[in-house]
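Take a look at the letters that make up each chain.
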Amino acid sequence: MPPPVSFARPIVWNFAPLMVRFVHMNFTNWLGIFPDREQPVNSGLNHGRTDRNMKKIAVLITDDFEDSEYTDPAEAFRNAGHTLVHIGLKAGQTVKGKKHATPVKIDKSFKDVKASDFDAMLIPGGYSPDKLRAYDEPVDFTRSFANTGKPVFSICHAPQLLITAGVLRGRKITGWKSIVQDIRNAGAEFIDAEVVRDGNLISSRSPADIPAFVKAALETLEK
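Below is a summary of the structure that appears in this document.

Calculation notes
- Residues numbered from 1 in each chain as written.
- Predicted model: local features only at pLDDT ≥ 70, side-chain atom pairs only at ≥ 80, totals over all residues.
- Heavy atoms only, no water.
- Helix = DSSP H or I, 4+ residues; strand = E, 2+ residues; numbered from the N terminus.
- Buried < 20%, exposed > 50% of the residue type's maximum accessible area, 1.4 Å probe, protein only.
- Areas by Shrake-Rupley, 256 points an atom, 1.4 Å probe, with all protein chains shown as cover.
- Right-handed = clockwise from strand over helix to strand, strands pointing away.
- Pairing = 2+ DSSP bridges.
- Arc of directions from axis to C-beta.
- Contact = heavy atoms within 4.5 Å.
- Core = buried A, V, L, I, M, F, W, Y, C linked by side-chain atoms within 4.5 Å.
- Polar contact = N/O pair within 3.5 Å; in protein donor to acceptor, adjacent residues only side chain to side chain.
- Phe/Tyr/Trp six-rings, centres within 6.5 Å; stacked < 30°, edge-to-face > 60°.

## Side note on the overall build of the chain
Secondary structure assignment for the chain yields 7 helices and 11 strands. Out of the 223 residues in the chain, the part that is buried amounts to 42%. For the chain, the exposed surface amounts to about 13,000 Å²; the carbon and sulfur share of it is 54%.

Printed below as a string of C-alpha cells:
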C-alpha cells in the first residue's frame, strides 16, 4: 500500500508569505512606521495652521520695483503659508527690480482678475506704482480691492497708485518723503512712522521699515 499523501507542508508553505506580510503590516503600524494607508504630506511650512489661515495675496507689480520691498514681504508671506499671485500688465512677462534686477514672472494680467479672487493686496514701491497708475486696469483693480475692506499693504511709493485710484481721502497713511504732499493733496493724513495702521490699510515709508512692515502685515493676515 502506498504511503498516505500529506498536504500539510504545501499548505503551510503557500500561505507563509501572506502570514509574514500580515505580521509585518500590523507590527509596523503599531510602531507608527511604514503605514499601509497613505498619509497626507505636510510641507512643514503650515504646521499647526488650517486652510482658513491661508491667504491669497495679489501682488501689484511691474518693472523697476524696489527689490527688497517685494522680496522680503514675499518670503515672509510664503514662509507663513500664504499664496502670492503676481499681477501685472501682461501675463507671462518677466519684470525686474530697479536695483538688483530681481526677476518676477507675472502670473495674471489685470484684465484676468477681480478683487474677489484675493484676500489681501501688496504694492511694492520703487517706480512700479507710478508706472502702473498710467493704465486704467491697474487703477480700477486697486480701487475695487481697496473698497472691499480687505488688507492693503502699501510701502514707499505705493501710495501713488492708491492716490490715482482715489481711495485715500480721510485715511491715515505713510510713504516715501518725496510724495508726502501728494498724499496730503489726496485728502489723506500723512504720518511719519515706520508703520501706520488705519483699518485695512497697512503702510510703511521705506526699505528701512521692512521688518516692522512685514510684522504688521503678518499680524493682519492672521485675523
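## Side note on the pairing of strand β1 (residues 56–60)
A large share of β1 lies buried, amounting to 4 of its 5 residues. Chirality of the crossover, the property in question, places the unit of β1, helix α2 (residues 67–79) and strand β2 (residues 83–88) among those that are right-handed. Pairing geometry for β1 and strand β6 (residues 120–123), over 3 bridges, is parallel. Its bridge partner lying in β6, Val 59 is registered against Leu 122.

## What about helix α4 (residues 136–146)?
Where α4 is concerned, the buried positions are Pro 138, Val 139, Phe 141, Thr 142, Phe 145 and Ala 146. Taken down its axis, α4 places every buried residue within 165° of arc, on the same side. Buried positions along α4 lie against β1, β2, β6, α3 (128–132), β7 (152–155) and α5 (159–165).

## Topic: the nonpolar core
Counting residues in hydrophobic clusters, the biggest one holds 31 residues, and the most contacted among them are Leu 60, Ile 87, Phe 118, Phe 141 and Leu 162. Looking at this core, the elements that each hand over two or more residues are β1, β2, β6, α4, α5 and α6 (180–185). Residue contacts for Phe 141: discarding those within four places in its chain leaves Ala 58, Leu 60, Ile 87, Phe 110, Val 113, Lys 114, Ala 115, Phe 118 and Met 121. Listed in part, the 24 residues of the second largest apolar core include Phe 65, Ala 76, Ile 106 and Cys 156.

## Quick notes on the side chain of Glu 66
Here Glu 66 lies in the loop between β1 and α2. A distance of 3.2 Å separates polar atoms of two side chains, one belonging to Glu 66 and the other to Lys 98. In this structure Glu 66 touches Lys 98, Lys 99, Gly 125, Gly 126 and Pro 207, once residues within four positions along its chain are discounted.

## A short note on the packing of aromatic side chains
The geometry of an aromatic ring pair is captured by the separation of the ring centres together with the interplanar angle, meaning the angle of the planes. Under the counting rule described, the total for this entry stands at 5 aromatic pairs. Ring geometry for Phe 141 versus Phe 145: centroids 6.3 Å apart, planes at 25°, classification stacked. One end of the pair, Phe 141, and the other, Phe 145, are both in helix α4, 4 residues apart, so they sit about a helical turn from each other. Each member of the pair, Phe 141 together with Phe 145, is buried. One aromatic cluster in this structure is built from Phe 110, Phe 118, Phe 141 and Phe 145.

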